[in-house]
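# Remarks on the overall topology
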Amino acid sequence: MSYDFLQQYWWFLVSLLGALLVFLMFVQGANSLVGSLGRTPEGRRVVFNSTGRKWELTFTTLVTFGGAFFASFPLFYSTSFGGAYWVWMLILLTFVLQAVSYEFQNKLGNFLGPRTFQFFLVLNGVLGPFLIGCAVATFFEGSNFIVTKENLIDSGALTPIISRWANASHGLDVLLNPWVLVFGLAVMFLARTLGILYVMNNVGDEDIRSRGSVRIIGTAVPFLVLFVAWLVHLLLKEGYAVGENGTILMEPFKYTHNLLNMPVLLILLLAGIVLVLWGIGITVFKNSNGGIWSAGVGTVITVLCLLLCAGWNNTAYYPSNTDLQSSLTIQNSCSSEFTLQTMAIVSLLIPFVLAYIVYCWYSLDKKKITKDEILNGEAY
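Residues numbered from 1 in each chain as written. Predicted model: local features only at pLDDT ≥ 70, side-chain atom pairs only at ≥ 80, totals over all residues. Heavy atoms only, no water.

### Considering the overall build of the protein
Across its full length, the protein carries 16 helices and four strands. For a compact globule of 380 residues, the expected C-alpha radius of gyration is about 21 Å, and the protein comes in at 21 Å, within 12% of that figure. Dimensions of the protein, computed from the C-alpha atoms along their principal axes, are close to 65 × 45 × 40 Å. Classification of the 380 residues of the protein by burial places 52% in the buried group. Once local pairs closer than 6 in sequence are excluded, the contacts in the protein between residues at least 24 apart make up 76%. Entry remark: accessible area of the protein is about 17,000 Å², with carbon and sulfur atoms responsible for 70%. Of note, the protein has its 20 positive side-chain charges centred 13 Å away from the centre of its 20 negative side-chain charges. (Helix = DSSP H or I, 4+ residues; strand = E, 2+ residues; numbered from the N terminus. Rg over C-alpha atoms; globule rule 2.2 N^0.38 Å. Buried < 20%, exposed > 50% of the residue type's maximum accessible area, 1.4 Å probe, protein only. Contact = heavy atoms within 4.5 Å. Areas by Shrake-Rupley, 256 points an atom, 1.4 Å probe, with all protein chains shown as cover. Lys, Arg positive; Asp, Glu negative; His and termini not counted. Charge placed at Lys NZ, Arg CZ, Asp CG, Glu CD.)

### A word on the environment of Leu127
Residue placement: Leu127 occurs in helix α8 (residues 114–141). Given the relative accessible area of 31%, Leu127 is considered partly exposed. In the structure, Leu127 is positioned 32 residues away from Phe95 in sequence and 9.6 Å away in space, judged by C-alpha atoms.

### A word on the pairing of strand β4 (residues 248–251)
In this sheet, β4 lies alongside strand β3 (residues 239–242) in antiparallel orientation, the contact comprising four bridges. Each bridged residue has a counterpart across the sheet, and for Val242 the counterpart in β4 is Ile248. What sits between β3 and β4 in their antiparallel hairpin is a turn of five residues, with Gly246 showing a positive phi close to 90°. (Pairing = 2+ DSSP bridges.)

### What about the environment of Thr370?
Within the secondary structure, Thr370 is located in the loop between α15 (350–364) and α16 (371–375). The sequence separation of Thr370 and Trp55 amounts to 315 residues, and the corresponding C-alpha distance is 18 Å. Residue contacts for Thr370: discarding those within four places in its chain leaves Val46 and Gly204.

### Comments concerning the pattern of salt bridges
Applying the stated criterion to the full structure yields one salt bridge. Between Glu206 and Arg209 there is a salt bridge whose closest N-O contact spans 3.3 Å. Of this pair, Glu206 and Arg209 both sit in helix α10 (residues 206–236), three residues apart, which is roughly one turn of the helix. (Salt bridge = Lys/Arg side-chain N within 4 Å of Asp/Glu carboxyl O.)

### Things to note about the nonpolar core
Core analysis: the largest hydrophobic core is formed by 109 residues, its most contacted members being Phe69, Phe73, Phe76, Phe139 and Tyr317. The leading source of residues in this core is helix α9 (residues 178–202), at 15 residues. Not counting residues up to four positions away in its chain, the partners in contact with Phe73 are Gln7, Trp10, Trp11, Val14, Ala68, Tyr317, Ile330, Ser333, Cys334 and Ser335. (Core = buried A, V, L, I, M, F, W, Y, C linked by side-chain atoms within 4.5 Å.)

### As for the packing of aromatic side chains
A full pass over the atoms with the stated rule returns 36 aromatic pairs. Residues Trp11 and Phe73 carry aromatic rings whose centres are separated by 5.7 Å and whose planes lie at 85° to one another, so their mutual orientation is edge-to-face. Of this pair, Trp11 sits in helix α1 (residues 3–24) while Phe73 sits in the loop between α5 (55–72) and α6 (74–83), and the two are 62 residues apart along the sequence. In this structure Trp11 comes out as buried when scored by relative accessible area, which is 1%. According to the relative accessible area criterion, Phe73 is buried, its value standing at 0%. Look at Phe183 and Trp230: their rings are 4.4 Å apart centre to centre, the planes differ by 45°, and that puts the pair in the tilted class. Of the two residues, Phe183 is situated in helix α9 and Trp230 in helix α10; the sequence distance between them amounts to 47 residues. (Phe/Tyr/Trp six-rings, centres within 6.5 Å; stacked < 30°, edge-to-face > 60°.)

### A look at a nonpolar patch on the surface
On the surface, a cluster of nonpolar side chains totalling about 540 Å² of accessible area is made up of Trp86, Met89, Leu90, Leu92, Leu93 and Leu172. In this fold, Met89 is placed in helix α7 (residues 85–104). (Patch = residues over 30% accessible without salt bridge, like charges linked within 9 Å, V, L, I, M, F, W, Y side chains within 5 Å.)

Okay, structure coming up:
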């Protein structure tokens, strides 16, 4: 395995983890709509019990995504997680509140009351997907940072810091870019759409299912409008290309060229979008409860193709709007060949882990969740 192959391979794995994370945020999406799906206290607990069986998968995938990025592309980790730390801290805070809320909302001695922790779950359901979407959008829209690798060998440098944010906002400035907000909102409405599809499939309560089949239109339409607008913007905008000598330069229609130069990605992207539309369509027009499966697979494929388009084909996946030559590429931000090779051997265990997750998912979902579990105390 050549060094170049290992770099491309690990970008694929990181992108796959990111795609799985976006799909698994149906947990956040369903929680953000618990008031309209559940309405009654018993109905809300049914929804929380449904998502409560999967929240650990989302949280674990988020941590694994961050860990894989740190191990394979450490310069991105130090630049983004260190420089734009307010965005990432807010993301982690909402997920920590989610974990605490699931466990303590109905515990004896909860002096804050169940509604307080349920509010935290709704907060995570709104802010989590939105902020993660904004963070991913910076792969295409750029961020304000400067990388100075010479600090590592400069004996006169007070501290060996090689990357720093160009302003005092520490990442919050990305919220001033309207296209970042558009993509963040698109991910939030996608999570809500997937959340409704998941609850309709997982819950055996006809009242909740009927409300979900009505409310999915109010989440799917904004998602489609926002996503199509952002995708058209992406295909028409200038992109951050990597020249033969490693120089970063602006290239018109760069992401369109990436898809045309990698036709497999283009075909998969279109197939993923069709699967998402199919999942929504059979729910709205055929009153099906199985839309989550086609929409879920389509979400993973679509996000995977977009992230691969951001890094493959000589593209800077984390552009700098302050100093173009500080932009991060797969080649200039990755770990050593030995590290990538060692981790590649460990990654061979991934299929076994995925098989275990599928088995656990199947075991948990053998029985549909009903209000009887609430009455018997078998719920969060």
